[in-house]
Amino acid sequence: MRTNPQMQNTASRISGMPAFVPQAAGHFTAHRQRNAVSACDWTPGRGRRQDNAVYDGPRRAVVHTMQAVSPSSSSTSTQKLKTDRSDALMRDAATVMPGGVSSPVRAFRSVGGSPIVFESTKGSKIVDVDGNTYIDYVLSFGPSVVGSANDEVIEAVTAQARKGLTFGAPCELENQLAHAIIDAVPSVEMVRFVNSGTEACFSAARLMRAYTRREKIVKMTGCYHGHGDSFLVSAGSGVATLGLSDSPGVLSSVAAKTLTVPYNNIDAIREVFRQHGSEIAGVFLEPVVGNAGLIPPTREYLQELRQITRQHGALLLFDEVMTGFRIGYSCAQGYFDVMPDLTTLGKVIGGGYPVGAYAGPREIMEMVAPAGPVYQAGTLSGSPVGMAAGLKTLEILRRPGTYEYLDRITKRLAEGLLQAARENGHAVCGGSLYSMWGMFFTEGPVNNFEDAKKSDTAKFQKFHRGMLERGVYLAPSQFEAGFTSLAHSEDDVERTVEAAREVLRGIAP
Ligand SMILES: Cc1ncc(COP(=O)(O)O)c(C=O)c1O
Ligand SMILES: NCC(=O)CCC(=O)O
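Residues numbered from 1 in each chain as written. Chains lettered and ligands numbered in written order. Predicted model: local features only at pLDDT ≥ 70, side-chain atom pairs only at ≥ 80, totals over all residues. Heavy atoms only, no water.

1. Thoughts on the nonpolar core
1) Next: Within the largest apolar cluster, 119 residues are counted, with the highest numbers of intra-cluster contacts made by Ile181, Met220, Ile269, Leu285, Phe325, Leu397 and Phe463.
2) Next: Ranked by the residues each element gives to this core, the list is headed by helix α13 (residues 402–423), at 10 residues.
3) Next: If sequence neighbours within four positions are ignored, Phe463 has contacts with Met439, Phe441, Leu474, Ala500, Val503, Leu504 and Ile507.
4) Next: With 22 residues, the next largest nonpolar core counts Ala204, Met208, Leu317 and Met367 among its residues. (Core = buried A, V, L, I, M, F, W, Y, C linked by side-chain atoms within 4.5 Å. Buried < 20%, exposed > 50% of the residue type's maximum accessible area, 1.4 Å probe, protein only. Helix = DSSP H or I, 4+ residues; strand = E, 2+ residues; numbered from the N terminus. Contact = heavy atoms within 4.5 Å.)

2. Here's the deal with the packing of aromatic side chains
1) Next: On inspection of all chains with the given rule, the structure shows 14 aromatic pairs.
2) Next: Here Tyr403 and Tyr434 contribute two aromatic rings whose centre-to-centre distance is 5.8 Å and whose plane-to-plane angle is 80°, an arrangement assigned as edge-to-face. Of this pair, Tyr403 sits in helix α13 while Tyr434 sits in the loop between β11 (429–433) and β12 (436–440), and the two are 31 residues apart along the sequence. An identical accessibility class is assigned to Tyr403 and Tyr434; each is buried.
3) Next: The rings of Phe325, Tyr329, Tyr335, Phe336, Tyr403 and Tyr434 are connected pair by pair, giving a single aromatic cluster. (Phe/Tyr/Trp six-rings, centres within 6.5 Å; stacked < 30°, edge-to-face > 60°.)

3. A short note on the site of ligand 1
1) Next: Near ligand 1 you find Ser196, Gly197, Thr198, Tyr224, His225, Gly226, Glu286, Asn291, Asp319, Val321, Met322 and Lys347, and these make up its full shell.
2) Next: One of the side-chain nitrogen or oxygen atoms of Asn291 is found 2.9 Å away from an oxygen atom of ligand 1.
3) Next: A distance of 2.6 Å is found between a nitrogen atom of ligand 1 and a side-chain nitrogen or oxygen belonging to Asp319.
4) Next: If ligand 1 stood free it would expose 380 Å²; the protein chains cover 83% of that surface.
5) Next: Taken together, the residues of the shell around ligand 1 break down into 3 nonpolar, 6 polar and 3 charged. (Near = heavy atom within 4 Å. Polar contact = N/O pair within 3.5 Å; in protein donor to acceptor, adjacent residues only side chain to side chain. Areas by Shrake-Rupley, 256 points an atom, 1.4 Å probe, with all protein chains shown as cover. Nonpolar A, V, L, I, M, F, W, Y, C, P; charged D, E, K, R; others polar.)

Written out as structure tokens, the structure reads:
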């Protein structure tokens, strides 16, 4: 068995970190007809404080100027949604881009109708080309955690853009963002910047294989790690939404190296290691699943994964592309206090620009070229505008009270939605964790993708349409997590819950 002394160092560094007490995770359970206030089954702990002013909502602290929209202009009363221009643009788009979209998750295949085409976004609101304004819970599938088009982020990127868009050579902002990530994410000592979460994950898989000199990778059904060949096997997100369990074009010899197991099932992991232990390079997982809807792990599950991978000389990778800087400032690994060997990041660290990263202890990361032999490169990697956006975003998130605020409003949202559903006789389960939330139209409990698939997706379709008509933009799939931002106000949340109550009243249980 290969031991990794660096990881022991990393672990001891971590145990000396400031107190950050994760709570034991629980499973999402059903609360049909139950009106308990504790509708959210899962309560996060508190993030680390960094300075003195406390964030207490969009209006009181960070000021967002609503240039494109005003909060009052979005309507949560039924509007016959006028989508003429969106529809016309999508008809044209379909003639020049496959399915009319640049990414399949944007299609409305599973909810019906045609995608909405957007023109502007600010704070918690997004405006379409027909002039409809929505409260946005997609937030570009995660990056906009400080609110869309945040003024401070725009200032930072504008200042950098004036100095240069790209150098194709080192810039100081890369050092700064790498230091910020290393300071925040407990298991990380070195970072390689790339341009997307996909790139981060397939590059990390290459590194994992090179480091262990093994080829097989274990992933969980319903987890999504981008569209690298190794990961288009029982994947979540758009792959699950479109019912494409695998993709043609992926070499069968590559797919055969990916072993899949259900999430939150430790027996399945034990079994896969019993059968293939000496060939497994590592285990990839989302430390909180967002790509099959929101599914938290138990802390014990993550701890067992840590132990089993170590026993077998395999690496553990937390794909924090979605959870990174959403599940607290120390990310899901800090929240659960379980340290992976490798971490992938994306979304939030680019503050709205295409930035990804893979990261880990020095001993493993120094295998990456030019320090080591594992090749990986990128014309625009670490480009200064993306670095500036990411740095400013992390700076805003470090302000005291931000994660408490995100947790409070998101919990209120999830509780409100679950309660609105139960009041109207619908079987639902779900909850929230900091700025991520989810609601499944099933009794539950939902512990993995197999459980999530029991959801009533026809009901979700009606719910999605009803919410759209009332000015609330949700991801067009039951199998996507929802997001909130620092710009989402309590008023946004109340109006969303009121809209949901109305929609759910009109749907047969
Ligand atoms: C957990 C996770 N990993 C990887 C990816 C891929 O990232 P990207 O879409 O930036 O390629 C995503 C989202 O897309 C994700 O949610
Ligand atoms: N959960 C879905 C994603 O995070 C990805 C978005 C995309 O592929 O466009």
